[in-house]
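# Reading the structure
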Amino acid sequence: MDGLFTKSSLSLAVAAGVLSFTLQAASTEQRLPTNIPQPEEGQFVHVPPTMDDLEKSDMHPELKRVIRRGHDLFVNTQQLRGKNVFNDMNCNSCHLGEGRQPFSAPIWPAAVVLPNYRAKNDHVNNLEERIAGCFSFSMNGKPPEYGSDNMLALAAYHQWLAKGVPMYQSGKSMYGRGFPKLPEPEKGMSFERGKQVYEENCSICHAEDGSGLVQNGQVVFPPVWGDASYNWGAGITRNFTLSSFVKHNMPLGQPNSLTDQQSWDVAYYINSHERPQDPRYTGNVKETREKYLDTFHKYTNYGLEVNGKLLGDHDNLGGEKDVLKPDALRPRTYSSE
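To keep things clear, this report deals only with the structure shown in the data block. Just so we're clear, the structure is a prediction, and the values are computed from it rather than from any experiment.

We now examine the state of the cysteines. Evaluated as defined, the whole model comprises zero disulfides. Distance from the sulfur of C91, which forms no disulfide, to the nearest cysteine sulfur (C134) is 6.8 Å. Not part of a disulfide, C202 finds its nearest cysteine sulfur in C205, a span of 8.5 Å. Judged by relative accessible area, C202 falls into the buried class, the value being 12%.

This brings us to the pattern of salt bridges. Overall, the coordinates contain 11 salt bridges when judged by the stated rule. Its salt-bridge partner being R69, residue D72 comes within 3.3 Å of it at the nearest N-O pair. Linking D72 with R69, this pair stays in helix α3 (residues 61-75), spanning three residues, or about one helical turn. Given the relative accessible area of 31%, D72 is considered partly exposed.

The subject of this paragraph is the packing of aromatic side chains. Inspection of every chain in the model, using the stated rule, returns nine aromatic pairs. Here the aromatic rings of F103 and Y175 are separated by 5.2 Å at their centres, their planes lie at 90°, and the arrangement is edge-to-face. Of this pair, F103 sits in the loop between α4 (96-99) and α5 (108-113) while Y175 sits in the loop between α7 (149-161) and α8 (191-201), placing them 72 residues apart in sequence. Y175 matches F103 in its accessibility class, with the two residues each being buried. Between F179 and F245, the aromatic rings sit 5.6 Å apart at their centres with planes inclined by 85°, giving edge-to-face as the arrangement.

It is worth spelling out the packing of helix α10 (residues 239-249) against helix α11 (residues 260-270) at this point. At their nearest, the axes of α10 and α11 sit 8 Å apart, and the two run at 125° to each other. Here α10 lies oblique to α11, going by the angle between them. Here the hand of the crossing between α10 and α11 comes out right-handed. Facing N239, F240, L242, S243, V246 and K247 of α10, the residues of α11 in contact are D260, S263, W264, V266, A267, Y268 and I270. Its residues placed into classes, the contact of α10 with α11 shows eight nonpolar, three polar and two charged.

Another aspect to go through is a nonpolar patch on the surface. A cluster of nonpolar side chains, contributed by Y117, V124 and Y334, occupies part of the molecular surface with about 340 Å² of accessible area. Within the secondary structure layout, V124 lies in strand β6 (residues 123-125).

Most of α10 is tucked away, with 11 of its 11 residues classed as buried. If you check which residues of α10 are buried, you get N239, F240, T241, L242, S243, S244, F245, V246, K247, H248 and N249. In this structure, the buried residues of α10 make contact with α4 and α11.

We now examine the side chain of S263. Mapped onto the elements, S263 comes out in helix α11. The contacts of S263, once residues within four sequence positions are left out, are L182, S243, V246, K247 and L258.

Turning our eyes to something else, we now look at the nonpolar core. Nonpolar side chains tend to gather and get buried jointly when the protein is soluble and globular. By size, the foremost hydrophobic cluster in this structure holds 66 residues, and its most contacted members are Y157, Y198, L242 and I270. At eight residues, α7 tops the list of elements feeding residues into this core. If sequence neighbours within four positions are ignored, Y157 has contacts with M51, I67, G70, H71, F74, E98, R100 and I107.

This part is about a negative patch on the surface. A cluster of acidic side chains, namely E199, E200, E208 and D209, defines a negative patch on the protein surface. Note on D209: relative accessible area 48%, which makes it partly exposed.

Summarising the element assignment, N271 is placed in the loop between α11 and α12 (285-291). Taking the relative accessible area as the measure of exposure, N271 reaches 0% and is therefore buried. Residue contacts for N271: discarding those within four places in its chain leaves Y230, W232, I236, T237, R238, N239, L242, N301 and L311.

So, about the environment of Y292. Positionally, Y292 belongs in the loop between α12 and β9 (305-306). Setting aside residues no more than four positions away along its own chain, Y292 makes contact with R280 and H297.

Let's shift gears to the packing of α8 against α11. At a closest axis distance of 7 Å, the pairing of α8 and α11 adopts a crossing angle of 100°. As far as their axial angle goes, α11 and α8 are roughly perpendicular. Facing F191, R193, G194, K195, V197 and Y198 of α8, the residues of α11 in contact are Q261, Q262, D265, V266, Y268, Y269 and I270. The class makeup of the residues in the contact of α8 with α11 is seven nonpolar, three polar and three charged.

Consecutive side chains along a regular strand alternate between the two faces of the sheet. Bridging between strand β7 (residues 213-215) and strand β8 (residues 218-221) involves three bridges; their strand directions are antiparallel. Across the sheet, V214 pairs through a bridge with V219, a residue of β8. Between β7 and the antiparallel strand that follows it, β8, lie two residues; N216 among them carries a positive phi value of about 50°.

Definitions and cut-offs
- Residues numbered from 1 in each chain as written.
- Predicted model: local features only at pLDDT ≥ 70, side-chain atom pairs only at ≥ 80, totals over all residues.
- Heavy atoms only, no water.
- Disulfide = S-S within 2.5 Å.
- Buried < 20%, exposed > 50% of the residue type's maximum accessible area, 1.4 Å probe, protein only.
- Salt bridge = Lys/Arg side-chain N within 4 Å of Asp/Glu carboxyl O.
- Helix = DSSP H or I, 4+ residues; strand = E, 2+ residues; numbered from the N terminus.
- Phe/Tyr/Trp six-rings, centres within 6.5 Å; stacked < 30°, edge-to-face > 60°.
- Axes fitted to C-alpha atoms, helices over the stretch in contact; angles between N-to-C directions.
- Parallel < 35°, antiparallel > 145°, perpendicular 65-115°, else oblique.
- Left-handed = near helix turned anticlockwise from the far one by under 90°.
- Contact = heavy atoms within 4.5 Å.
- Nonpolar A, V, L, I, M, F, W, Y, C, P; charged D, E, K, R; others polar.
- Patch = residues over 30% accessible without salt bridge, like charges linked within 9 Å, V, L, I, M, F, W, Y side chains within 5 Å.
- Areas by Shrake-Rupley, 256 points an atom, 1.4 Å probe, with all protein chains shown as cover.
- Core = buried A, V, L, I, M, F, W, Y, C linked by side-chain atoms within 4.5 Å.
- Lys, Arg positive; Asp, Glu negative; His and termini not counted.
- Charge placed at Lys NZ, Arg CZ, Asp CG, Glu CD.
- Pairing = 2+ DSSP bridges.

By themselves, these observations are geometric and do not establish any function.
Structural data, given as structure tokens:
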């Protein structure tokens with residue numbers, strides 16, 4: 001059920017949307033709880049199609065195969081480990097529910113709002129470039145080449161999930177898009193309070209040392225800091241982004257069980273630990289922070305001193321990675337010529 005919400009349609013559409021989303025946790029399929037924010041009147045609500053819908057569709061078998069490959073790469077990006085991925089993350093680690101889950105940065109909006117200007121790299125990005133950014137920062141990796149089979153498959157999966165949504169649908173009106181920013185924390189952000197929240201609610205899955213859980217070579221729960229986690233350029237290093245992800249999605253299966261204050265505190269705690277270097281690193285952490293301050297790092301702890309340690313003051317690429325800045329992270333501009 002897609003379209004603008006009215007009060008009379010809200011309850012039915014929410015029920016349909018919630019029932020359609022599933023996620024994998026420790027190899028056990030679970031239905032999402034229903035205690036997520038309901039749409040507001042006038043918001044655009046989209047319930048992405050499932051893989052079952054794909055199989056039942058009359059699309060060409062080859063297109064189905066490509067979309068199926070994109071889904072496979074999305075939920076198990078670790079199959080590209082050592083070539084395009086250099087940490088213990090999958091796309092599905094941040095974009096839960098196979099990229100379909102509201103308030104967990106569902107990926108279908110990218111297919112209908114791009115190409116568009118992005119302040120992070122100060123130029124117009126298309127869908128493949130947006131995917132490349134996730135590989136470069138969240139995966140601490142090297143993106144598949146533009147136009148390659150794997151990049152095409154991932155883009156096709158994004159577009160399949162957006163089936164039926166008008167191009168350039170207003171992003172601000174989309175229900176569940178991104179990680180909606182929480183109100184500013186009344187008590188500020190506290191490392192010590194965040195540590196307590198983490199130990200009581202997060203360490204059971206992500207470990208006391210933030211290393212996550214890998215079993216039989218499969219990532220069950222991703223690391224939240226350290227060499228195998230996202231690097232200092234990933235969007236989730238912004239405290240407002242991580243706090244919203246935590247509030248709306250964590251602990252797993254218990255969204256909105258933490259207060260806003262707890263979510264801000266634990267985000268600050270997690271993002272006060274070291275991780276691989278920002279690929280845009282100039283060789284000086286203070287200089288890099290200042291260079292990207294207005295567009296990114298004013299929301300992160302990168303280049304700040306926390307508990308007597310200057311975060312990001314190192315040359316560590318994350319253990320497996322052999323190059324700081326992937327070729328895909330290049331400037332672009334256009335002229336009338």
